Amino acid sequence: MTTRKMTVLLGLLAVCLTTGCYQPAVDGGFYNPSVEKFHAKKDIDAGNFVSAEQKVGKVLYNDPQDWEGRYLMGLTYLGQKRPVEAQTQLELALAAKDRSETQTPKILDALARSLEQQESYDQLYAFLDAQIDRYEGWQDYARKARFLAKANDIDGAALAYRQAAYFSRNETEKIYLEIATFYEGLGAVSYTHLRAHETF
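A few points on the structure. (Residues numbered from 1 in each chain as written. Predicted model: local features only at pLDDT ≥ 70, side-chain atom pairs only at ≥ 80, totals over all residues. Heavy atoms only, no water.)

With respect to the side chain of arginine 70
Turning to its location among the elements, arginine 70 is positioned in helix H4 (residues 67–79). No salt bridge is formed by the buried arginine 70, whose closest oppositely charged neighbour, aspartate 66, lies at an N-O distance of 7.9 Å. Setting aside chain neighbours within four positions, we find arginine 70 in contact with Leu60, Pro64, Gln89, Leu90, Leu92 and Ala93. (Helix = DSSP H or I, 4+ residues; strand = E, 2+ residues; numbered from the N terminus. Buried < 20%, exposed > 50% of the residue type's maximum accessible area, 1.4 Å probe, protein only. Lys, Arg positive; Asp, Glu negative; His and termini not counted. Salt bridge = Lys/Arg side-chain N within 4 Å of Asp/Glu carboxyl O. Contact = heavy atoms within 4.5 Å.)

Written out as structure tokens, the structure is:
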């Protein structure tokens with residue numbers, strides 16, 4: 001093989017590794033799962049959930065084990081207010097990405113939203129606590145804080161945020177920005193009440 005051919009092949013290989021390349025589709029022809037998921041994400045961001053469902057459906061039809069496809073399908077169902085179906089998809093995604101530092105937290109965020117949409121509040125709070133026990137990451141405490149804040153449990157949210165800040169160990173400033181936003185949204189009376197007996 002000539003040097004030029006080798007260079008071309010290596011270039012093609014690099015493209016395949018970064019884009020996923022076109023793969024044979026189950027129903028004939030070819031498709032690129034990375035491209036389908038990229039456009040599905042754009043649809044989800046734009047609120048075009050039906051279009052996103054079609055794109056992700058194509059990915060999962062060809063590869064039912066695609067964890068990101070399951071996650072994205074969960075988001076499309078959440079957008080369509082189909083929380084039970086979303087929960088099923090997200091649980092499949094979590095089973096594949098149970099210990100991913102970057103992917104697990106966002107799957108758990110979406111799972112919590114699916115329980116909230118079902119108005120299964122006892123199950124939601126049990127879920128939030130279970131993830132803290134299981135992972136004990138700052139994202140898990142922050143997740144609990146967000147839902148407590150939405151339920152107007154200000155003291156509970158402040159405590160959970162303080163725990164999130166502790167477990168972040170200053171590795172990220174995201175949690176401190178979120179805490180600042182939380183306090184910004186409080187009225188002066190609530191803020192004074194909290195500061196009287198809590199410090200971060």
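After that view of the structure, there is still more to cover.
Considering the layout of surface pockets
Considered as a void within the structure, the largest pocket measures approximately 350 Å³ in volume. Lining the largest pocket are 16 residues, and of these Glu101, Pro105, Gly137, Trp138 and Gln139 sit closest to its centre. If you list the elements that add at least two residues to the lining of the largest pocket, you get helix H6 (104–117) and helix H8 (138–150). Per element, the largest residue contribution to the lining of the largest pocket is 4 residues, and it comes from H8. For the lining of the largest pocket, the class distribution of residues is 5 nonpolar, 5 polar and 6 charged. Approximately 160 Å³ is the volume attributed to the second largest pocket. Around the second largest pocket, the lining residues are Pro105, Lys106, Asp109, Trp138, Gln139, Arg143, Arg146, Lys174 and Glu178. Looking at the lining of the second largest pocket, the elements with two or more residues in it are H6, H8 and helix H10 (174–184). (1 Å grid on protein atoms, 1.4 Å probe; cavity = no way out; pocket = protein on both sides within 12 Å on 5 of 7 lines; lining within 4 Å. Points joined across faces, edges and corners; volume = space filled by probe spheres on them. Nonpolar A, V, L, I, M, F, W, Y, C, P; charged D, E, K, R; others polar.)

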